[in-house]
Structures are given as structure tokens and as C-alpha cells.
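# Survey of secondary and tertiary structure
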Amino acid sequence: MASSLLLAAGLGVFSISVKAQSPAAKKPTGSAAHKSSHGKKSSKKSRRRERGQKEPTPDRISEIQQALAKGGSYAGTPNGKWDECTQDALRKFQESHGLNPTGKLDARSLQQLGLGSQTAGVAPPLPSNTASKLTSSTAQTSQRQR
């Protein structure tokens, strides 16, 4: 009788541990668990920044197509789609302006089209006006040693 009680108790513990491991019994993860455990809504949105260059919007593509048409490189009607005609027009434009004719958008091509930054692709970024802590502390240390 004692062994049957021990066996029943063991099965009860086993069934509880199986329920705890089942997907339905798992606690919510991520922001749902964060909100429910603290009872406050977080004002911060935790978004991960996507790497790489983003694709231009259809409005931006239409703007590029209009600029290419103005220069005589694009013969179609601006439609906001980056298609083969647009790539060919950009290659043609790049070649006529002494750029590498890749058919891909870059800073210099946008600048030549009149759609980019005035400094993009022209020179490396300028150093900031403020000195870094490392530079100033190194200079102070070398002055003390003299």
C-alpha cells in the first residue's frame, strides 16, 4: 500500500512537471511578459535598426525619373517603379556625366541629378569641432611629463 501511494505521488509530480513544460503553460515572453509583470506600459519602443541602405519610395523614384527625363536620359513617363528602363536611363546619365555607369543609385549620381546633398560623395566627413576625451587627456598627460 505504501508503495502504491509513493507511485501515485510520483506520477502526480511527473504530470505537474509535464504541464509546466507544455507550450500552453509557458509564460508569455517579450513585451507581453514585461507589461503584465510590471503593470505599467513602457513609453520606449525598442526597435532594432535595420542595416543597410533602404529602398527608395515610389515618390522618390518618380522624382529621380523626372530628373533623368529632364536631362534626356529617361524617355518614359515617371511611374515610381525601379524597372529596367530606369536602370538603363541611370546608366546612360552616369556615363554622360563621367560617373561609373552601374545603373545603381549612389550619392554622386543623386548629386549630379540635383537631388542629393551638396557634400555627399565629394569629400570625407570633417572631424567634429569638439576634441575627444582621449585626445585631451593624452595631451594633458604629455604636458605633465615635460
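The rules behind these values
Starting from 1, residues in each chain are numbered consecutively following that chain's sequence as written. Two thresholds apply to this predicted model, a pLDDT of at least 70 for residue-level local features and 80 or more for giving and counting side-chain atom pairs, whereas whole-chain, interface and lining totals are computed over all residues. For side-chain calculations, the full set of non-hydrogen atoms in the structure is used, while hydrogens and water are omitted. We define a salt bridge as a contact between a side-chain nitrogen of Lys or Arg and a carboxyl oxygen of Asp or Glu at a distance within 4 Å. Each residue gets one of three labels from its accessible area relative to the maximum for its type: buried under 20%, exposed over 50%, partly exposed in between, using a 1.4 Å probe on protein chains only. Secondary structure elements are taken from DSSP: a helix is a run of H or I of four residues or more, a strand is a run of E of two residues or more, and numbering for both begins at the N terminus. Residue-level confidence of the predictor, termed pLDDT, takes values from 0 up to 100. A helix's residues, less one, multiplied by 1.5 Å, set its expected span. Note that the arc is computed from the directions linking the helix axis to the C-beta atoms. In what follows, residue pairs with any heavy atoms lying within 4.5 Å of each other are defined as contacts.

### Quick notes on the pattern of salt bridges
- In total, this model carries three salt bridges according to the counting rule given.
- Glu-84 is paired through a salt bridge with Arg-91; the nearest N and O atoms lie 4.0 Å apart.
- Judged by its relative accessible area of 28%, Arg-91 falls in the partly exposed class.
- Arg-91 serves as the salt-bridge partner of Asp-88, at 2.6 Å between the closest nitrogen and oxygen. With a gap of three residues between them, Asp-88 and Arg-91 both fall in helix α4 (residues 84-96), about one helical turn apart.
- It is possible to trace a salt-bridge network through shared partners that takes in Glu-84, Asp-88 and Arg-91.

### Here we look at the confidence of the model for the chain
- For the chain, per-residue confidence averages 73 on the pLDDT scale, and 50% of positions sit at 70 or higher.
- Predicted confidence in the chain is weakest over helix α2 (residues 31-38), with a mean pLDDT of 51, and strongest over α4, with 95.

### Points about α4
- For α4, spanning 13 residues, the distance from its first C-alpha to its last is 18 Å, which sits close to the expected 18 Å at 1.5 Å a residue.
- Taken together, the buried positions of α4 are occupied by Thr-86, Ala-89, Leu-90, Phe-93 and Gln-94. Buried residues along α4 cover an arc of 135° about the axis, so they all sit on one side. When the buried face of α4 is taken as reference, the exposed residues oriented beyond 90 degrees from it are Cys-85, Glu-95 and Ser-96.
- Looking at the buried side of α4, the elements it contacts are α3 (58-70) and α5 (107-113).
- At the C-terminal side of α4, Gly-98 shows a positive phi close to 75°.

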